[in-house]
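Report on the structure
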Amino acid sequence: MTVICWFRRVLRLDDHPALVAAAQDRPVIPLVILDPAEARDHPASAQRQAMALPDLDASLRRAGSRLVVRRGDPATVLAQVIRDSGARAVHATQGSPFAGDAGLDAVAAGAGAQLHLHPLADLVPRGSVLTGGGTRFKVFTPFWRALRKMPIAQPLPAPRLSPPADWPHSDRLDWPEARAAMNRGWDVMARHVQAGESKAHDRLEAFLGRVDARYGARRDLPADPDATSGLSDALAVGEISARRLWHRALHAQDSGRGGIEDFLRELAWRDFARDLFDEAPDMARSCWKPDWNRFPWRGDSPDAAAWRQGRTGVAMVDAGMREMYATGRMHNRVRMITASYLVKHLMTDWRIGLDWFARCLTDWDPASNAMNWQWVAGCGPDASPYFRVFNPEGQAAKFDGKRRYQDHWLKPGADGTREFAAAVPRAWGFDPQAPALPAIDLGQGRQRALEAYARFKR
Ligand SMILES: Cc1cc2nc3c(=O)[nH]c(=O)nc-3n(C[C@H](O)[C@H](O)[C@H](O)COP(=O)(O)OP(=O)(O)OC[C@H]3O[C@@H](n4cnc5c(N)ncnc54)[C@H](O)[C@@H]3O)c2cc1C
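Remember, predicted model here, so these are calculated numbers, not experimental data.

**What about the overall build of the chain?**
A count of helical and extended segments in the chain gives 22 helices and 5 strands. On C-alpha atoms alone, the chain measures out to a radius of gyration of 23 Å, which is about the 23 Å that the 2.2 N^0.38 rule sets for 458 residues. With the principal axes as the frame, the chain shows a C-alpha extent of 70 × 55 × 45 Å. Counting only residues that meet the buried cut, the chain has 47% of its 458 residues in that class.

Now the structure itself:
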């Protein structure tokens, strides 16, 4: 009996529960479905996935199999491939936090196959880290303490695969809708992406070979590219599992590496976000604290447009926004600074920022993105208090004192400035030689945010 393994953002062979289940003694058709709607809404993430496909296909071919790629609406395509192949079962990873699963079992059954959904290989199953009272945690630190005491399952080795007698048709390993949506940005971003499962493992080993006790402090310095693992994009597209990271990191710790405990704690934030998202799947649209849905944030505006285009006149904010547009990444500390500036100084609805990050990030993850935006906005479960307004200039002085990061993205003629100029739509009219724009008065912006907060509290 031939079965389909639908690779949903698990673009790897290692530690892949759905693939292990599919491979048990049966010919497997490995399938990836590229949804044009996803490319339209999340072009950078779509490009990142598209760039992972050749490596996945090569790994499958080395294992005597190959990748079948189809473009279109996932439910329609799935039914089509089931009919084309005569498969009787589909093994897939559950969609959350990226997609829903509702109705897929009926679609599969209508085409003649049974759908089996498998959990993601996160550190722990969702909803399994519980308080003494049996409820989920709302605050990270106790969640982390409880998680740290739990056993983390060992990653599953890649299974042996047997090919079907006939292969269904495959489209090319390309995502034209993602190319179209990225436009000029595709080539620039491609230079910053290291795609593929084996590269993700290499990057992990390189990181574990250099990390030390300074990790906790260094990870705040945006001009230090070696300070962190840089693996969030590989995790988001599933080139490597969190469990694999965890166990490799523990091994490094046993061999005497410093900084690992802090690294594991960071990794646990990702599971925490997924746990919150599991409980509140509308977290990307609705404030975790319901009162905050009445907060008088501003809607979209020319100020928000200037923020998106990296021309607010506030150097650290513009540098971060440019880094993200050109490379698909933004340093974590700078994400906090740019997000805070948008929601506090510009008083803009956090969902406007969240949506822009969801378009531009190669590591876009709906749960992490929503949790972090709500943290910055002050409306999340474990949020930074609203009255804590980051001063972007103070932050820049503290974490980029020599201006290496800011200069790279802002100085005329600098490499980052040239890359940003090459990536942005011509309609933005970006002039790399133009002097920086005057910024709003940061003190007044802060005051305005605090007054709005005080009124809201009253
Ligand atoms: C406003 C905002 C939006 C964000 N949106 C996303 C997003 O869409 N996708 C995403 O993966 N991360 C998001 N983050 C978290 C964080 O910025 C990135 O995970 C981090 O920059 C990744 O770099 P790294 O892999 O080198 O991290 P490392 O320091 O090497 O950390 C290891 C891993 O831990 C996890 N991690 C670390 N910090 C966080 C965090 N604050 N929240 C959740 N997981 C974390 C990531 O999976 C990361 O790869 C966001 C942060 C902010 C402030």
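**As for the domain arrangement of the chain**
Partitioning the chain into domains gives domain 1 (1–121), domain 2 (122–151 + 196–279) and domain 3 (290–457). Put simply, the middle of domain 1 and the middle of domain 2, counted by C-alpha atoms, are 26 Å apart. With 19 residues of domain 1 at the interface, the matching set in domain 2 holds 18 residues. By residue class, the composition of the side of domain 1 that touches domain 2 is 9 nonpolar, 4 polar and 6 charged.

**Topic: the nonpolar core**
Counting 132 residues, the largest nonpolar core has Ile-4, Cys-5, Trp-6, Leu-31 and Val-90 as its most contacted members. Discounting residues that sit within four places of it in the chain, Cys-5 has contacts with Ala-18, Leu-19, Ala-22, Val-28, Pro-30, Leu-31 and His-91.

**Looking at the sheet that holds strand E2 (residues 28–34)**
If you walk across this open sheet you meet the 5 strands as E3-E2-E1-E4-E5, and the pairing is parallel. Looking at strand neighbours, the two that pair on one side only are strand E3 (68–71) and strand E5 (114–118), the edges of this open sheet. On average, each strand axis in the sheet is tilted by 25° relative to the strand beside it, whichever way the strands run. Direction of pairing for strand E1 (residues 3–6) relative to E2: parallel, over a ladder of 4 bridges. Bridge pairing in E2 links Val-3 to Val-28. Where helix H4 (residues 74–85) meets the sheet, it contacts E1, E2, E3 and strand E4 (89–93), and its direction lies at approximately 155° from that of E2. Across the face of the sheet, helix H5 (residues 104–111) comes into contact with E4 and E5 while running at roughly 145° to E5.

**Side note on unusual backbone geometry**
Following Ser-96, the chain continues into Pro-97 via a peptide bond in cis, with omega recorded as 10°. In this structure, Pro-97 sits in the loop between E4 and H5. Positive phi values are uncommon outside glycine, yet Asp-15 reaches one of about 45°. Tracing the sequence through the fold places Asp-15 in the loop between E1 and helix H1 (17–23). Notably, Asp-25 is not glycine yet its phi reads approximately 60°, a positive angle. Among the structural elements, Asp-25 can be located in the loop between H1 and E2. Under the C-beta neighbour-count criterion, Asp-25 is labelled exposed, with 7 such atoms within 10 Å.

**A few points about the site of the ligand**
In the vicinity of the ligand there are 27 residues, among which Thr-228, Ser-229, Ser-232, Asn-369 and Asn-372 approach most closely. Secondary structure elements with two or more residues in the shell around the ligand: helix H11 (232–237), helix H13 (260–279), helix H16 (332–345) and helix H18 (366–377). Looking at the shell around the ligand, its residues break down into 13 nonpolar, 8 polar and 6 charged.

**So, the UniProt feature "domain: Photolyase/cryptochrome alpha/beta" (unreviewed entry) in the chain**
Cross-referencing UniProt, the feature "domain: Photolyase/cryptochrome alpha/beta" (unreviewed entry) maps to residues 1–123 in the present numbering. Helix makes up 43% of residues 1–123 and strand 20%, and the two end C-alpha atoms of the span are 32 Å apart.

**Describing the environment of Arg-257**
Mapped onto the elements of the fold, Arg-257 is located in the loop between helix H12 (242–254) and H13. Given 19 C-beta atoms within 10 Å, Arg-257 falls into the partly exposed group. Placed 47 residues apart in sequence, Arg-257 and Arg-210 show a C-alpha to C-alpha distance of 8.6 Å. Setting aside residues no more than four positions away along its own chain, Arg-257 makes contact with Leu-208, Val-211 and Ala-252.

Parameters at a glance
Residues numbered from 1 in each chain as written. Predicted model: local features only at pLDDT ≥ 70, side-chain atom pairs only at ≥ 80, totals over all residues. Helix = DSSP H or I, 4+ residues; strand = E, 2+ residues; numbered from the N terminus. Rg over C-alpha atoms; globule rule 2.2 N^0.38 Å. Buried ≥ 20, exposed ≤ 12 C-beta atoms within 10 Å, placed from the backbone. Domains from an automatic or database assignment. Contact = placed C-beta atoms within 7 Å. Nonpolar A, V, L, I, M, F, W, Y, C, P; charged D, E, K, R; others polar. Core = buried A, V, L, I, M, F, W, Y, C linked by C-beta atoms within 7 Å. Pairing = 2+ DSSP bridges. Axes fitted to C-alpha atoms, helices over the stretch in contact; angles between N-to-C directions. Near = placed C-beta within 6 Å. UniProt positions renumbered as here; feature names shortened; annotations may be inferred.

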